[in-house]
Number of protein chains: 2
Amino acid sequence: MEKAFKNEIKSQFPYLSNSKILLAVSGGVDSVVLAHLCKIAKLDFTLAHCNFNLRDEESDADEDFVAALAKKMKVALFVENFDTEQYAKDNSLSIQMAARDLRYDWFEELRLKHQFDFILTAHHANDSLETFFINLIRGTGLEGLSGINADSNYIIRPLLNFSRKEILAYAEENKISWREDSTNASTKYLRNKIRHELVPVLEEINPQFLETFLKTQSHLKENEELIEDYLSLLYPKIIGKTEYGYSLDINYLKKVPNSSAILYQLLKSFGFTEWNDVYRLLDAQPGKMVFSTSHRLIKDRDYLLLTEIDKTEDKVYKIAKNEDFAMLPMGTFSFSEVKEINDKRSNCIYINPEKLEFPLTVRKWQQGDIFYPFGMKGKKKLSDFFKDKKLSLPEKENSWLLCSGEKIVWVINQRADRRFSITSSDQKIIKITFSL
Amino acid sequence: MEKAFKNEIKSQFPYLSNSKILLAVSGGVDSVVLAHLCKIAKLDFTLAHCNFNLRDEESDADEDFVAALAKKMKVALFVENFDTEQYAKDNSLSIQMAARDLRYDWFEELRLKHQFDFILTAHHANDSLETFFINLIRGTGLEGLSGINADSNYIIRPLLNFSRKEILAYAEENKISWREDSTNASTKYLRNKIRHELVPVLEEINPQFLETFLKTQSHLKENEELIEDYLSLLYPKIIGKTEYGYSLDINYLKKVPNSSAILYQLLKSFGFTEWNDVYRLLDAQPGKMVFSTSHRLIKDRDYLLLTEIDKTEDKVYKIAKNEDFAMLPMGTFSFSEVKEINDKRSNCIYINPEKLEFPLTVRKWQQGDIFYPFGMKGKKKLSDFFKDKKLSLPEKENSWLLCSGEKIVWVINQRADRRFSITSSDQKIIKITFSL
């Protein structure tokens, strides 16, 4: 295996010989073998070990084991302790995803701080095969079947063409000791089932199955790359940037074949899962929306408008009496007493402070909101006001209201409510200015 | 299931209600249930049964069963008997491929003869799943994983969204009898292993696995279609038609990303399997070739030239004495006695018949061939002669020789050998003309 590893480095990652490498080591057989092979290949590497503190003494014993390994190999070692459970809780993540995030974030931090050229991980062919099946079982697309990347950003996985069996055999032959992996606990059941019940059947039918599978996956990866090439031709024709996110040209989408598949590819990284809803949007009435956990896709005449969901959406912000400034997420309000009305721009209003009920509130508009537009007679539904102004959906979505009790004082940057306006010259005048 | 089937027809194949249908029925549960469902959906169909004569009485009992079924259902039936083993032998095919060819060829024949609009087969979701695994185990690309087409050419498979379990349950509930499938014998072992050992593990992990899988496959099919769309943009830029086949523009190929993946897609239907050899051809010396069972790919300066392998290649054709015409695969030779030389075109020569040794032979040129070019002194290697004339590789490949014994008489349509030319006016003169 040493020879095969050297060949792999030479043919696939020749630049590693002149690089400063950070090697992720859990203490498990894969990463320990990788460390030994890197030593033999005379690569310049430093170890990095994460203690996720998920299994008390065992986690600490892993850390001790890695420390001893580093000492024996005479290579430097970074260790970091994480409160993985707390991080998972704080970020609503599974333990596994939390550990993953913490691990890669820390590696990236180390890379930048200590100027490592690359980060090496010990993923091997069977990991790739098991990931294939996990994704297949859960439901996926080409991207879930085409395998782990051997080389993405700064992360390199030089063992992807080696099997678990080869790695184990190498460890045993060379009397290398290791610790059982402490990570991946949450998928352990699934991976074990795949490893012990599925893969043996496949290998019984085709003893070279793993090798065959790697070839299949390299074809799938090529297919994936062709789709990316195709999309990169289409992107500029379909997607535009807007003030609030992106717009997708419906007319162009309808002209190209397989538009729904293209839409899927364009949107997959934005968390949309209900594909049928997205596809139907192409022919839906303007105003129809579909949501992912992070984004909103709105049908608006000729475009699909993609905007990030504003997490401040349902919040109501308060502005107390006697404040000169109020810095809120949507922008800053400044309050000043003035003698006369001298600025006609839409980013400010002049009002009679005696009519205000403090604290003022700032909120998004809602269906059913009504106000008394300055310069008009009677009252008006805000939805009709927006319609008359021909606001696009994201423009409506991003409209904020300054309110006094239940009453609207200002459709911010658009129109004042005349109930609060100055009616005689001897009144106190407050100028409210809004700036982003 | 009746309702679900009617819905499937209505939503996916509405045109079937007004079509004349040929329904392939083996006598197995899938096709018998399909026949019943088509009857209930009031479709206009005729049955077609192939007796492959692979299992003696059992095959005949299947045929009798289908005949009784047709009678009971009051629908017409076509039956054809095949000597599958002989056909497989004659065409160097596996029994399974032979049966497949015979079946689809016959269905197509029936379709054309009796003007059926569509041919229906009873493939279901589990067939698609098993095919996925068979291809995965043997090694494949996206095309082997994306599933059986529900609708390709005139063949429609309306049960693809139904599971084997549903079909069996329907047959049992409705007391429908059937015969165990007599076809697919050669993959029975493989399919059974997948059915009884692999799929249960997947379903244990995800009880809705089959449903999930169908969604995954529909995504894979979309991916496949995107690649086809992309290639249809690239085709006209890369591929040209030549006299002998196709040319692929190497310079263009080198400009686009992932050129080897594109090459794979362009060539996959021509039987090339040694992909690394094909990829290397892009940078190889002119003259380098790669073969599939049916085609030859030649590197020629700026192009890869794709030509069909001439199956007559190694053959030597004979022309007996005293023939006026000889019609051979590469063209027709005509022989006539003339008084004088009056035609200087390259498609004819004038020779002294007394120097000829009959039968004459016609064959392709070979490395090492030497001749005495008319109009030149001395002898010349044929390879040098071609080089001087700057023939492209396919032009060389398609050069034929007319020979007398071991001696070349004529490099056909290119140059006569002077050893056979007329030397004095009192000789008998034979004009040999070649035409395509």
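Residues numbered from 1 in each chain as written. Chains lettered and ligands numbered in written order. Predicted model: local features only at pLDDT ≥ 70, side-chain atom pairs only at ≥ 80, totals over all residues. Heavy atoms only, no water.

On to the relation of the copies chain B and chain A. Expressed as a screw operation, the relation of chain B to chain A combines 0.0 Å of axial shift with a rotation of 180°, fitting to an RMSD of 0.3 Å. Seen this way, the second copy is the image of the first under a two-fold rotation axis. Both copies share a contact surface, since 100% of the interface residues of chain B are interface residues in chain A too. (Least-squares fit on C-alpha atoms with pLDDT ≥ 70 in both. Contact = heavy atoms within 4.5 Å.)

Attention shifts here to the side chain of B:Thr433. For B:Thr433, the position within the fold is in strand 22 (residues 429-435). When sequence neighbours within four positions are dropped, the list of residues in contact with B:Thr433 reads B:Thr332, B:Phe333, B:Ser334, B:Asn347 and B:Cys348. (Helix = DSSP H or I, 4+ residues; strand = E, 2+ residues; numbered from the N terminus.)

All names here are of chain A. Read across the open sheet, the 4 strands follow the order 13-14-22-15; overall the sheet is antiparallel. Looking at which strands have only one partner, the edges of the open sheet turn out to be strand 13 (325-328) and strand 15 (348-351). The sheet shows a mean angle of 20° between the axes of neighbouring strands, taken without regard to direction. Across 7 bridges, the pairing between strand 14 (residues 331-338) and strand 22 (residues 429-435) is antiparallel. Of the residues in strand 22, the one forming a bridge with Ser336 is Lys431. (Pairing = 2+ DSSP bridges. Axes fitted to C-alpha atoms, helices over the stretch in contact; angles between N-to-C directions.)

A separate point is the UniProt feature "binding site: ATP" (unreviewed entry) in chain A. All names here are of chain A. The positions UniProt marks with the feature "binding site: ATP" (unreviewed entry) are Ser26, Gly27, Gly28, Val29, Asp30 and Ser31. Structurally, Ser26 can be placed in the loop between strand 1 (20-24) and helix 2 (29-40). Given the relative accessible area of 23%, Ser26 is considered partly exposed. Polar side-chain contacts of Ser26 include one of 3.0 Å to the backbone nitrogen of Gly28. Along the chain, the position of Gly27 falls in the loop between strand 1 and helix 2. (UniProt positions renumbered as here; feature names shortened; annotations may be inferred. Buried < 20%, exposed > 50% of the residue type's maximum accessible area, 1.4 Å probe, protein only. Polar contact = N/O pair within 3.5 Å; in protein donor to acceptor, adjacent residues only side chain to side chain.)

A few words now on helix 8 (residues 164-173) of chain A. Residue and element names in this part refer to chain A. For helix 8, every residue scored as buried is listed here: Arg164, Ile167, Tyr170 and Ala171. Considered in projection along helix 8, the buried side chains sweep an arc of 130° and stay on one side of the axis. Opposite the packed face of helix 8, turned more than 90 degrees from it, sit the exposed residues Lys165, Glu172 and Glu173. Tucked inside the fold, the buried residues of helix 8 contact helix 1 (2-12), helix 2, helix 6 (125-138) and helix 9 (188-205). The positive-phi residue at the C-terminal boundary of helix 8 is Lys175, with phi of around 50°. (Arc of directions from axis to C-beta.)

So, on to the packing of helix 10 (residues 209-238) of chain B against helix 12 (residues 259-267) of chain B. Residue and element names in this part refer to chain B. Orientation of helix 10 relative to helix 12, taken along the N-to-C sense of each, is 90°, at an axis distance of 11 Å. It follows that helix 10 is roughly perpendicular to helix 12 by the angle criterion. Residues Ile227, Tyr230, Leu231, Leu234, Tyr235 and Ile238 of helix 10 form the contact with helix 12, whose own contacting residues are Ile262, Gln265 and Leu266. Tallied by class, the residues present in the contact of helix 10 with helix 12 amount to 8 nonpolar, 1 polar and no charged. (Parallel < 35°, antiparallel > 145°, perpendicular 65-115°, else oblique. Nonpolar A, V, L, I, M, F, W, Y, C, P; charged D, E, K, R; others polar.)

This paragraph deals with the domain arrangement of chain A. According to the domain assignment, chain A consists of domain 1 (2-205), domain 2 (228-308) and domain 3 (317-435). Relative placement of domain 1 of chain A and domain 2 of chain A: their C-alpha centres are 37 Å apart. (Domains from an automatic or database assignment.)

Using the criterion set out here, one finds 28 salt bridges over all chains in the structure. B:Lys193 is the partner of A:Glu204 in a salt bridge, and the nearest nitrogen-oxygen pair spans 2.7 Å. One end of the pair, A:Glu204, is in helix 9; the other, B:Lys193, is in helix 9 (residues 185-205), on a second chain. A residue is classified by how much of its surface remains accessible, and B:Lys193, at 8% relative accessible area, is buried. Through salt bridges that share partners, A:Asp127, A:Glu130, A:Arg164, A:Arg191 and A:Arg195 make up one connected network. (Salt bridge = Lys/Arg side-chain N within 4 Å of Asp/Glu carboxyl O.)

Turning next to the nonpolar core. Membership of the largest hydrophobic core comes to 96 residues, with the highest contact counts inside it found for A:Phe133, A:Ile262, B:Phe133, B:Ile262 and B:Leu267. By residue number, the principal contributor to this core is helix 10 of chain B, which donates 11 residues. Excluding residues within four positions of it along the chain, B:Ile262 makes contact with A:Leu226, B:Tyr230, B:Leu231, B:Leu234, B:Ile238, B:Leu253, B:Val256 and B:Pro257. (Core = buried A, V, L, I, M, F, W, Y, C linked by side-chain atoms within 4.5 Å.)

Residues and elements named next belong to chain B. In terms of strand pairing, strand 13 (residues 325-328) meets strand 14 (residues 331-338) through 4 bridges, oriented antiparallel. Bridge pairing in strand 14 places Phe325 opposite Ser334. Between strand 13 and strand 14, which pair antiparallel and follow one another directly, the connecting turn spans 2 residues.

With that settled, consider the interface of chain B and chain A. Tallying the contact residues gives 43 residues for chain B and 43 residues for chain A. Surface buried jointly by chain B and chain A totals about 3900 Å² across both partners, of which 71% is contributed by carbon and sulfur atoms. A per-residue breakdown of the area chain B buries against chain A is headed by B:Ile137, B:Ile205 and B:Leu226, which together make up 16% of the total. The interface formed by chain B and chain A holds 2 salt bridges in total. Our count for the contact surface shared by chain B and chain A stands at 12 residue pairs in polar contact (both at pLDDT 80 or more). Looking at the side of chain B that touches chain A, the elements that each hand over two or more residues are helix 6 (125-138), helix 7 (142-145), helix 9, helix 10, helix 12 and helix 13 (275-281) of chain B. (Buried area = accessible area lost by both parts, 1.4 Å probe.)

Bringing the sheet that holds strand 21 (residues 415-416) of chain B into the picture now. Within a sheet, adjacent strands bond to each other through the backbone by hydrogen bonds, running parallel or antiparallel. Strand order across the open sheet formed by 5 strands is 12-16-19-20-21 (chain B), with antiparallel pairing between neighbours. Only two strands of the sheet have a single partner each, and these edge strands are strand 12 (317-319) and strand 21 of chain B.

The periodicity of an α-helix, 3.6 residues per turn, causes residues three or four places apart in sequence to face the same way. For helix 10 (residues 209-238) of chain A, built from 30 residues, the straight-helix expectation of 44 Å at 1.5 Å per residue is met to within 8% by its first-to-last C-alpha distance of 41 Å. In the structure, helix 10 of chain A departs most strongly from a straight axis at A:Ser232, where the bend amounts to approximately 30° and where the proline A:Pro236 lies between one and four residues downstream. (Expected span 1.5 Å × (residues − 1). Bend = angle between axes of the 7 residues up to and from the residue.)

What describes a pair of aromatic rings is the distance from one ring centre to the other and the angle between the planes of the rings. Residues and elements named next belong to chain A. In this structure the tally under the stated criterion is 33 aromatic pairs over all chains. Ring centres 6.0 Å apart and planes at 35° place the aromatic pair Phe209 and Phe213 in the tilted group. Of this pair, Phe209 and Phe213 both sit in helix 10, 4 residues apart, roughly one helical turn. Here Phe209 matches Phe213 in class, with each residue buried. (Phe/Tyr/Trp six-rings, centres within 6.5 Å; stacked < 30°, edge-to-face > 60°.)

What follows deals with the state of the cysteines. Counted under the stated rule, the structure contains 0 disulfides over all chains. A:Cys348 takes part in no disulfide bond, and the closest cysteine sulfur to it belongs to A:Cys403, at a distance of 19 Å. Free of any disulfide, B:Cys50 has its nearest cysteine sulfur in B:Cys38, 17 Å distant. The exposure class assigned to B:Cys50 is buried, which follows from its relative accessible area of 9%. (Disulfide = S-S within 2.5 Å.)

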